[in-house]
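The lines below spell out each chain.
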Amino acid sequence: MYSRKVVVRYTAETVEQPVIYELVKRFDLVFNILKARIFPRREGMIVLDLSGTKEHFDAAIIYLKEMGLKVEPLSKSVRQNRDRCVSCGACTAFCPTGALSFDRSTMQVYFDAEKCNGCELCVSCCPARAMEVNLL
Ligand code: SF4
Ligand code: SF4
């Protein structure tokens with residue numbers, strides 16, 4: 001089973017496309033909606049956790065892009081600002097996926113974008129405002 005989290009961005013022209021329906025019907029993908037901001041007849045964004053075969057997943061991403069939607073991995077929207085981070089470790093207690101971890105050898109906190117699910121808990125708990133999520 002291949003599984004990836006993606007951010008799908010709509011424009012005003014594409015916001016009414018039946019994306020979820022097509023992903024299930026055409027590509028047999030299982031989905032979980034992690035976050036969505038959709039404004040009728042305006043732009044919008046949806047964060048999806050998609051599972052299925054790698055072949056179907058790749059074909060679905062091509063299909064979405066051909067529909068005029070912007071699609072990218074969720075990891076591209078979450079960022080650790082290392083200039084701000086003081087490696088206090090607070091975020092590691094809140095991060096539910098282990099994407100933020102403390103390395104004892106360097107005494108630094110590192111962010112692994114591949115493990116991130118975009119929950120944004122680290123954003124509110126970080127005293128230095130070092131975790132940034134830009135979904136729009
Ligand atoms: S809570 Fe903020 S400052 Fe502390 S380790 Fe995490 S990202 Fe860095
Ligand atoms: S957004 Fe959630 S999963 Fe990602 S690093 Fe922050 S707390 Fe962890």
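Residues numbered from 1 in each chain as written. Chains lettered and ligands numbered in written order. Predicted model: local features only at pLDDT ≥ 70, side-chain atom pairs only at ≥ 80, totals over all residues. Heavy atoms only, no water.

(A) The arrangement of the nonpolar core in detail. One finds Val6, Val8, Leu23 and Leu64 to be the most contacted residues of the largest nonpolar core, which totals 19 residues. Going through the elements one at a time, β1 (2-10), α1 (19-27), β3 (44-52) and α2 (54-66) are the ones with two or more residues in this core. Considering each element in turn, this core owes the most residues, five residues, to α2. Here Val6 is in contact with Ile46, Val47, Leu48, Leu50, Phe57, Ile61, Val71, Glu72, Pro73 and Leu74, once residues within four sequence places are set aside. (Core = buried A, V, L, I, M, F, W, Y, C linked by side-chain atoms within 4.5 Å. Buried < 20%, exposed > 50% of the residue type's maximum accessible area, 1.4 Å probe, protein only. Helix = DSSP H or I, 4+ residues; strand = E, 2+ residues; numbered from the N terminus. Contact = heavy atoms within 4.5 Å.)

(B) Here's a closer look at the site of ligand 2. Close contacts around ligand 2 come from Cys95, Pro96, Thr97, Ala99, Leu100, Phe111, Cys116, Asn117, Gly118, Cys119, Glu120 and Cys122, and that covers them all. Here the shell around ligand 2 is composed, by residue class, of eight nonpolar, three polar and one charged. (Near = heavy atom within 4 Å. Nonpolar A, V, L, I, M, F, W, Y, C, P; charged D, E, K, R; others polar.)

(C) Structural context of the sheet that holds β1. Spatially, the four strands line up as an open sheet ordered β2-β3-β1-β4, and their pairing is antiparallel. Among the strands making up the open sheet, the edge pair consists of β2 (30-38) and β4 (70-73). With direction set aside, neighbouring strand axes in the sheet form an average angle of 20°. Where β1 lies against β3, nine bridges are found, and the strand directions are antiparallel. Bridge pairing in β3 places Tyr10 opposite Gly44. Where α1 meets the sheet, its contacts fall on β1, β2 and β3, and the angle it forms with β3 comes to roughly 15°. (Pairing = 2+ DSSP bridges. Axes fitted to C-alpha atoms, helices over the stretch in contact; angles between N-to-C directions.)

(D) Layout of the pattern of salt bridges. Scanning the model with the defined rule gives six salt bridges in all. Residue Glu120 pairs with Lys35 through a salt bridge whose shortest N-O separation is 2.0 Å. In this pair, Glu120 sits in the loop between β7 (108-111) and α4 (121-125) while Lys35 sits in strand β2, placing the two residues 85 residues apart along the sequence. In this structure Glu120 comes out as partly exposed when scored by relative accessible area, which is 24%. Linking Lys54 and Asp58 is a salt bridge whose minimum nitrogen-to-oxygen distance equals 2.6 Å. Highlighted residues: Lys54 and Asp58, both in helix α2, separated by four residues, approximately one helical turn. Note on Asp58: relative accessible area 31%, which makes it partly exposed. (Salt bridge = Lys/Arg side-chain N within 4 Å of Asp/Glu carboxyl O.)

(E) Representation of the domain arrangement of the protein chain in the model. For the protein chain, the domain assignment lists domain 1 (2-74) and domain 2 (77-133). Here the C-alpha centre of domain 2 lies 26 Å away from the C-alpha centre of domain 1. If you look at the interface, domain 1 gives nine residues, while domain 2 gives six residues. Of the roughly 530 Å² buried at the junction of domain 1 and domain 2 (both faces included), carbon and sulfur atoms supply 37%. On the domain 1 side of the contact with domain 2, Lys5, Lys35 and Leu74 bury the most area, a combined 71% of that side's loss. Counting the contacts that link domain 1 with domain 2 gives one salt bridge. (Domains from an automatic or database assignment. Buried area = accessible area lost by both parts, 1.4 Å probe.)

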